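Residue-level structure breakdown
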Amino acid sequence: MPEVSPVMPPVVPVIDEVISVCSIKDIDVWTVAAKNIVRFISANHYTVIVPDAQVQMFTAVTKTPYQVKAESRFVGNLKEKIAQTLTPENQDRVGWYLQQFVKISAVLKHDDRDVVLIWDADTVPLKKLEFINSNGQFSYYKGDECRKSYFDFIERALGLKRTQNFSFIAQSLILKVSWARELTNALAQSAQLPWIDAVLSFLDKAEPAGFAEFETLGTWIWNHHNDEIMISGRPWYRNGLSLVGNPLKLSQSVWNGLSKSYDFISFEGWDMKAGIRNGIRRAYRRIKLGLEGKFI
């Protein structure tokens, strides 16, 4: 009988680098997040990118294997160009836009064959996370933000309409570097400009939230590499500050309670909710999670 060649299992890629972008306002969260990222997300390298003037402060609280890098290494003096592009009413959004360009630029520093995970610096993983399954498919968490302005930008810049019924804004995004390269090349081709200038040219300058790197990258991947990805329904939680407060002050029992229900939790600076209704909702969720009585 002729020999039957064995079927080789697919080669499962590994994450080459976890990339986060942070600033001083989130340094408390970062102090907690960095430790958990290394503990719960496997990668060859870990990098946090911060404003040049804050490198020393982040180096003091960020332990190996993390590297702390200055944002100017990736985007130079882009902040000034963004400020010149936005309307006077949106000048407080310059840093928000800048962080998005830093993330994509950091991804593009890699070889096309590499795999990178972008992870929001204000987000703490609560358990072991896997972003690539045994078949080599990349796993994406779902968000529910779905801002019209993000998809208006995507349609103007890339001619892609929204066909997914969820958002890719979910604190993390894994991708092949070649996919990011395809996207930025398409943006450059569409505007006949370098990709960053292309994004700025397609922005609604008066819109405070006119471009989202996760939504744009995710939509491109969804349209062009759908067979290589899967959408996860696993739970995560966004409003950590209003639920449990400063992550530096949480007991282990609180972390254990959160990990029973969620894969990760974010602590975003804007989430300082007040009012009776939100207080009732917070108390109910704490009881549901078994967290009542575990706060000072």
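For the structure, see preceding data.
In this text, all values refer to a predicted model and were calculated from it rather than measured experimentally.

1. Digging into the sheet that holds strand β7 (residues 172–176)
- Spatially, β3-β2-β1-β4-β7 is the arrangement adopted by the 5 strands of the open sheet, whose pairing is mixed. A single partner strand is all that each edge strand has here, and the edge strands are β3 (66–70) and β7. Taking each pair of neighbouring strands and ignoring which way they run, the sheet shows an average axis angle of 25 degrees.
- With 3 bridges connecting them, strand β1 (residues 17–21) and strand β4 (residues 115–119) associate as parallel partners. Counted as the bridge partner of Val18 is Leu117 from β4.
- Each of β4 and β7 touches helix α9 (residues 213–224); the most contacted strand, β7, lies at about 45 degrees to it.

2. What about empty space enclosed by the protein?
- Under the defined criterion, the tally for this structure stands at 1 cavity of 30 Å³ or more.
- What lines the largest cavity is simply Phe131, Ser139, Tyr140, Tyr141, Ser172, Leu173 and Ile174.
- When contributions to the lining of the largest cavity are tallied by element, the ones reaching two or more residues are β6 (138–140) and β7.
- Residue contributions to the lining of the largest cavity peak at 3 residues, all from β7.
- A per-class count over the lining of the largest cavity returns 5 nonpolar, 2 polar and no charged.

3. Some details on the nonpolar core
- With 96 residues, the main nonpolar core has Trp30, Phe101, Tyr140 and Leu175 as its most contacted residues.
- Counting residues per element, this core draws most heavily on helix α5 (residues 94–108), which supplies 9 residues.
- If we skip the residues at most four places from it in the chain, Trp30 touches Ser20, Cys22, Ile37, Val48, Phe58, Thr62, Tyr66 and Ala121.

4. Topic: the layout of surface pockets
- In this model, the largest pocket occupies a volume close to 740 Å³.
- Contributing elements (two or more residues each) for the lining of the largest pocket: α5 and α9.
- Among the elements that make up the lining of the largest pocket, the one with the highest residue count is α5 (5 residues).
- For the lining of the largest pocket, a count of residues per class yields 9 nonpolar, 6 polar and 12 charged.
- Its volume calculated, the second largest pocket comes out at about 290 Å³.
- Broken down by class, the residue content of the lining of the second largest pocket amounts to 6 nonpolar, 2 polar and 5 charged.

5. Section: the pattern of salt bridges
- Within the structure shown, the criterion is met by 14 salt bridges.
- With a shortest N-O distance of 3.0 Å, Arg238 and Glu145 are connected by a salt bridge. Here Glu145 lies in the loop between β6 and α6 (148–158) and Arg238 lies in the loop between β8 (229–231) and α10 (240–244), a separation of 93 residues in the sequence.
- The class for Arg238 is partly exposed, based on a relative accessible area of 23%.

6. Overview of helix α1 (residues 27–40)
- With 14 residues, α1 ought to run about 20 Å at 1.5 Å a step, and its terminal C-alpha atoms sit 20 Å apart, in line with that.
- The axis of α1 is deflected most strongly, by about 25 degrees, at Ala33.
- Along α1, 10 of the 14 residues are buried, which leaves the element largely enclosed by surrounding structure.
- Among the residues of α1, Ile27, Val29, Trp30, Thr31, Val32, Ala33, Ala34, Asn36, Ile37 and Phe40 are the ones counted as buried.

7. A closer look at the packing of aromatic side chains
- Under the definition given, this model contains 17 aromatic pairs.
- Where Phe101 meets Trp195, the ring centres are 5.9 Å apart and the plane angle is 50 degrees; that geometry is what we call tilted. You can see Phe101 sitting in helix α5 and its partner Trp195 sitting in helix α8 (residues 195–202), a full 94 residues away along the chain.
- Take Phe101: its relative accessible area is 0%, and that puts it in the buried class.
- Overall, the relative accessible area of 14% leaves Trp195 in the buried class.
- Ring plane angle 70 degrees and centroid distance 6.2 Å describe the contact between Trp255 and Phe267, whose orientation is recorded as edge-to-face. Linking Trp255 in helix α11 (residues 252–259) with Phe267 in the loop between β9 (264–266) and α12 (276–288), this pair joins segments that are 12 residues apart in sequence.
- What makes Trp255 buried here is its relative accessible area of 12%.
- The structure contains a cluster of three or more aromatic residues connected by ring pairs, namely Trp119, Phe131, Tyr141, Trp236 and Phe264.
- Sitting above the plane of the Trp96 ring, Arg93 keeps its charged end 4.3 Å from the centroid.
- Across from the ring centre of Phe151, 5.2 Å away, lies the NZ or CZ of Arg162, which sits over that ring.

Reading the values: rules and limits
- Residues numbered from 1 in each chain as written.
- Predicted model: local features only at pLDDT ≥ 70, side-chain atom pairs only at ≥ 80, totals over all residues.
- Heavy atoms only, no water.
- Pairing = 2+ DSSP bridges.
- Helix = DSSP H or I, 4+ residues; strand = E, 2+ residues; numbered from the N terminus.
- Axes fitted to C-alpha atoms, helices over the stretch in contact; angles between N-to-C directions.
- Contact = heavy atoms within 4.5 Å.
- 1 Å grid on protein atoms, 1.4 Å probe; cavity = no way out; pocket = protein on both sides within 12 Å on 5 of 7 lines; lining within 4 Å.
- Points joined across faces, edges and corners; volume = space filled by probe spheres on them.
- Nonpolar A, V, L, I, M, F, W, Y, C, P; charged D, E, K, R; others polar.
- Core = buried A, V, L, I, M, F, W, Y, C linked by side-chain atoms within 4.5 Å.
- Buried < 20%, exposed > 50% of the residue type's maximum accessible area, 1.4 Å probe, protein only.
- Salt bridge = Lys/Arg side-chain N within 4 Å of Asp/Glu carboxyl O.
- Expected span 1.5 Å × (residues − 1).
- Bend = angle between axes of the 7 residues up to and from the residue.
- Phe/Tyr/Trp six-rings, centres within 6.5 Å; stacked < 30°, edge-to-face > 60°.
- Lys NZ or Arg CZ within 6 Å of the ring centre and 35° of its normal.

So yeah, pure geometry; function would need other evidence.
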